[in-house]
Amino acid sequence: MTGTEPSALDWITFAIAIVGAATGVASLVWHMWAFSRTGPRVVVNVSGGVTSFRPDNSPELILIVEARNMGRSACEITGWGLDFPDGQQYVQFKPVAGTTAVPSTIEGGHRGTWLVPMADLAEVPQLLTDDRIPVRGFVHLGSGDRIVSRRRYVVARSVILGEAHGPPSSST
């Protein structure tokens with residue numbers, strides 16, 4: 001049967017093969033995507049805010065470190081803190097009202113939040129020389145990973161030292 005045109009059965013077989021190959025590739029892509037979404041996926045952000053957790057309900061400027069678990073599985077947060085540009089870290093050991101306990105388990109789709117009063121940062125040596133300090137938040141996971149915020153939050157020395165009023169500063 002050389003030199004003859006393909007029959008209708010040949011075209012049907014070819015179409016079925018194309019559909020099977022496309023379905024197989026789509027299934028492979030779907031499973032790769034679904035697998036990448038399993039497990040914890042933690043994203044850390046640092047921002048500024050105001051709270052009234054003081055005994056007299058007066059406002060207090062704070063930094064907020066937030067870890068969101070965007071994945072499906074739970075993860076354990078074993079520590080958290082702030083990174084300064086000179087390599088120093090700020091880690092708070094005393095509990096602050098409104099913060100998530102450490103260690104704690106963050107389920108998929110949930111978050112943990114930790115607050116740092118601005119007044120607590122007044123002892124950071126870099127504040128003696130720099131007027132504006134970009135900080136990053138970080139968390140330590142039970143797996144041993146350290147997740148750092150992508151964006152820096154710029155804090156003004158005058159805000160930390162209580163010389164200015166208003167929001168702490170801005171993100172960069």
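Further up the page is the structure itself.
Conventions we followed
- Residues numbered from 1 in each chain as written.
- Predicted model: local features only at pLDDT ≥ 70, side-chain atom pairs only at ≥ 80, totals over all residues.
- Heavy atoms only, no water.
- Core = buried A, V, L, I, M, F, W, Y, C linked by side-chain atoms within 4.5 Å.
- Buried < 20%, exposed > 50% of the residue type's maximum accessible area, 1.4 Å probe, protein only.
- Helix = DSSP H or I, 4+ residues; strand = E, 2+ residues; numbered from the N terminus.
- Contact = heavy atoms within 4.5 Å.
- Phe/Tyr/Trp six-rings, centres within 6.5 Å; stacked < 30°, edge-to-face > 60°.
- Lys NZ or Arg CZ within 6 Å of the ring centre and 35° of its normal.
- Patch = residues over 30% accessible without salt bridge, like charges linked within 9 Å, V, L, I, M, F, W, Y side chains within 5 Å.
- Areas by Shrake-Rupley, 256 points an atom, 1.4 Å probe, with all protein chains shown as cover.
- Salt bridge = Lys/Arg side-chain N within 4 Å of Asp/Glu carboxyl O.

(A) Structural detail: the nonpolar core. Counting residues in each nonpolar core, the largest one holds 28 residues, and the members touching the most others are L63, I77, L82, F84, M118, L121 and V139. Those elements giving two or more residues to this core turn out to be β1 (42-51), β2 (60-69), β3 (75-83), β6 (111-117), β7 (132-141), β9 (153-156) and α2 (157-160). Excluding its chain neighbours within four sequence positions, the residues that come into contact with V139 are V42, V44, A67, I77, G79, W80, W114, D145, R146 and I147.

(B) Up close: the packing of aromatic side chains. If you walk through the whole model with that rule in mind, you get three aromatic pairs. On the basis of an interplanar angle of 85° and a centroid distance of 6.3 Å, the ring pair of W11 and F14 is categorised as edge-to-face. With W11 and F14 both in helix α1 (residues 8-37) and three residues apart, the pair spans about one turn of that helix. For F14, a relative accessible area of 48% corresponds to the partly exposed category. Both rings, one in W30 and one in W33, keep their centres 5.3 Å apart while their planes meet at 40°; by these two values the pair is tilted. Separated by three residues within a single helix, W30 and W33 lie in helix α1, roughly one turn from each other. Accessibility expressed as a relative area gives 41% for W33, which makes it partly exposed. Directly above the aromatic system of F138 lies the positively charged group of R146, at a separation of 4.1 Å from the ring centroid.

(C) Geometry of a nonpolar patch on the surface. A cluster of nonpolar side chains, contributed by L9, I12 and I16, occupies part of the molecular surface with about 330 Å² of accessible area. Assessed through its relative accessible area of 58%, I16 is described here as exposed.

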